[in-house]
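Fold and geometry: a report
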Amino acid sequence: MTKLTEVGMFAGLMMPLTGAPEVRAADFSEPEMWIEDFGVSSGWRLDRHPRFLADVDGDGRADIVGFGEQGVVVALSTGDCFAEPRTWVDNYSYSNGWRVDKHPRFLADVDGDGKMDVVGFGNDGVFVSQSTGSKFRPPKLWVKDYSISTGWRMDRHPRVLVDVTGDELPDIVGFGASGVYVSRSTGTKFTSPKLWLDDFGYDQGWRVDRTPRLVGRVDGDKKADIVGFGNDGVYVARAGDGSFARAKLWLDDFGYDQGWRADKHVRMLGDVDGDGREDIVGFGDKGTLLALARSGKFSGAKRVLDDFGVDQGWRVDRHVRVLARVDDDDRVDIVGFGQKGVIVATAKKDSFREPKREVDEFGQAQGWRVDVHLRVLADVNGDGLLDIVGFGDYGTIVALAEG
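Here is a short report on the structure shown in this document. Within any chain, residue numbers begin from 1 and follow the written order of that chain's sequence. In keeping with the predicted nature of the model, local features appear solely for residues at pLDDT of at least 70, side-chain atom pairs appear and are counted solely at 80 or more, and the whole-chain, interface and lining totals rest on all residues. The side-chain quantities take in all heavy atoms of the structure and omit both hydrogens and water.

Below, the discussion takes up the overall build of the protein chain. In terms of helices and strands, the protein chain carries zero helices and 34 strands. Here the globule rule is a power law, 2.2 Å times the number of residues to the power 0.38, and the radius of gyration is based on C-alpha atoms. Relative to a compact globule of 403 residues, whose C-alpha radius of gyration would be 22 Å, the protein chain shows 21 Å and is just as compact. The dimensions of the protein chain, computed from C-alpha atoms along their principal axes, are 55 × 50 × 35 Å. The burial tally for the protein chain puts 53% of its 403 residues in the buried class. Counting only carbon and sulfur atoms, one obtains 45% of the accessible surface of the protein chain, whose full area is about 16900 Å². Residues counted as positive are Lys and Arg, residues counted as negative are Asp and Glu, and His and the chain ends are not counted. Where a charge sits is defined by one atom per residue type, namely NZ (Lys), CZ (Arg), CG (Asp) or CD (Glu). For the protein chain, the distance from the average position of its 52 positive side-chain charges to the average position of its 67 negative side-chain charges is 5 Å. Helix and strand definitions here come from DSSP, where helices need a minimum of 4 consecutive H or I residues and strands a minimum of 2 consecutive E residues; each element is numbered from the N-terminal end. Buried, partly exposed and exposed residues are distinguished by accessible area as a fraction of the type maximum, computed with a 1.4 Å probe on protein chains only: under 20%, between the cut-offs, and over 50%, respectively. Each accessible area value is a Shrake-Rupley result obtained with a 1.4 Å probe; residue values ignore everything except the protein chains displayed when judging cover.

Encoded structure:
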């Protein structure tokens, strides 16, 4: 990757849909170095140091939160740069025994105060450090489970934080050996694990490297549901009051038997048509497939773009693809960090517009690597638009969205 001053960048413009109000993807500013830290030259490594963008001080701007060698380091966003990094808590770090392949760490607002907190799945349980706006409090054990000491493993048991009760507080959802366990957030602790469903677990044949499981709102209510990509198709278990309903086959596609492989094909959830339900977007061999969430089922998978697929040169180990809202409607769009830059395909009604290259940076040809450089979208200046943030060789580079 060349230094920023040696690279020229350009931004593109999305054309409006004929006969509809103008909806355009955000242009992006020329990428700039916002801080000469959190990059490779500063010692940060993907296999040792997770980095997140999250609003930890409640000002509406996403800040850098890095789980470094000695502790959790925060660089607050000022709106036009990141401030000097400071250690907010001396824990959750490599020197404290935390490992990427053993201990998941998240940022989530567990107490509902508008500031993101640290949640770490450690050796002995789930620890939380709440944000005060200027530091993280010392770790506190919120529930003694979901950990190595109780048999949970990264390569077998996914764990996520998501609201399954509709109270707007993130709960723990763990895909364990026997099924799906839930611990609700009370704002001061997580409740003891309860088996919400005896399915989607390791003992029922679900595997991290073969049958992905996601959590999203596919039925239009405020509770997140389970979406599992099984051998013979897509299964859904809706969230109810204190349990998940029995899993049902919503679509006989996107499964292992239909040729989908975790090391080749990306499958995601996002509301593409703006109806409040999360749909399936799959990047397959021949391009991008879409299955819309309907009442009790997904519509048949339809190829909506001859792009972002294996046949067009996209690879899981080279090119990051995400769903995010980058224009001024309520539908998720495709953002791909491709071979030569950032490619955007904005959503329309029940499909996507033709992809356009929006930024000539952050791509494989510019030296960015999946196993070295993290690239995310986050609102770092508080204008309500998602910006591109890349942790590169020499520091953290930002391309601001300009709606």
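Moving on to the nonpolar core. Within this scheme, the nonpolar core is defined by two criteria: the residues are buried Ala, Val, Leu, Ile, Met, Phe, Trp, Tyr or Cys, and they are joined through side-chain atoms within 4.5 Å. The biggest cluster of nonpolar side chains holds 18 residues, and the ones touching the most others in it are Val272, Val281, Phe283, Phe308, Ile334 and Phe352. Of all the secondary-structure elements, those providing two or more residues to this core are strand E19 (266–270), strand E20 (279–283), strand E24 (302–305) and strand E27 (342–345). Any two residues having at least one pair of non-hydrogen atoms within 4.5 Å are treated as being in contact. Aside from chain neighbours lying at most four places away, what touches Phe352 is Val272, Val281, Val304, Leu305, Val332, Asp333, Ile334, Ala345, Thr346 and Ala347.

Moving on, we get to the pairing of strand E5 (residues 72–75). Side chains of E5 alternate between two faces, with Val72 and Val74 and Val73 and Ala75 buried alike. We call two strands paired when DSSP finds no fewer than two bridges between them. Sheet analysis places strand E4 (residues 63–67) next to E5, joined by four bridges and oriented antiparallel. Its bridge partner lying in E5, Gly66 is registered against Val73. Counting the residues that bridge the hairpin from E4 to E5 gives four residues. Pairing of E5 with strand E6 (residues 86–89), which is carried by three bridges, proceeds in the antiparallel orientation. Residue pairing for E6: Val74 is matched across the bridge by Arg86.

Before going further, it helps to examine unusual backbone geometry. Of note in this structure, Tyr146 is not a glycine but carries a positive phi near 60°. Along the polypeptide, Tyr146 turns up in the loop between strand E10 (140–143) and strand E11 (159–162).

Tracing the backbone through its elements, the reader meets Asp219 in the loop between strand E15 (213–216) and strand E16 (225–229). Looking at Asp219, the relative accessible area reads 18%, which means it is buried. Considered as a pair, Asp219 and Leu290 are 71 residues apart in the sequence and their alpha carbons are 17 Å apart. If we skip the residues at most four places from it in the chain, Asp219 touches Asp225, Arg238 and Arg277. What qualifies as a polar contact is a pair of N or O atoms within 3.5 Å, subject to a donor-acceptor requirement within protein and to the restriction that residues adjacent in sequence count only when both atoms come from side chains. Engagement of the side chain of Asp219 in a polar contact is seen with the backbone nitrogen of Asp221, the distance being 3.4 Å.

Aromatic pairs are defined between Phe, Tyr and Trp rings, using the six-membered ring for Trp, whenever the two ring centres lie within 6.5 Å; interplanar angles under 30 degrees are classed as stacked, those over 60 as edge-to-face, and all others as tilted. A complete count under the given rule lists 19 aromatic pairs for this structure. The interplanar angle of 50° and the centroid separation of 5.1 Å between the aromatic rings of Tyr146 and Trp152 together place this pair among those described as tilted. Each residue in the set Phe106, Phe121, Tyr146, Trp152 and Tyr181 is aromatic and connected to the rest through ring pairs, giving one cluster. The lysine or arginine in question, Arg48, covers the ring of Tyr94, its NZ or CZ lying 3.6 Å from the ring centre. Criterion for a charge above a ring: Arg CZ or Lys NZ at most 6 Å from the ring centre, at most 35 degrees from the ring normal.

This paragraph deals with the sheet that holds strand E12 (residues 171–175). Spatially, the four strands line up as an open sheet ordered E11-E12-E13-E14, and their pairing is antiparallel. Of all the strands in the sheet, the pair left with one neighbour each is E11 and strand E14 (194–197). Averaged over all pairs of adjacent strands, the angle between their axes in this sheet comes to 30°, without regard to strand direction. Sheet topology note: the E11/E12 ladder contains four bridges and is antiparallel. In the sheet register, Leu161 faces E12, and the bridge partner there is Ile172. To get an axis, fit a line to the C-alpha atoms, keeping to the stretch in contact for a helix; angles then go from 0 to 180 degrees between the N-to-C directions.

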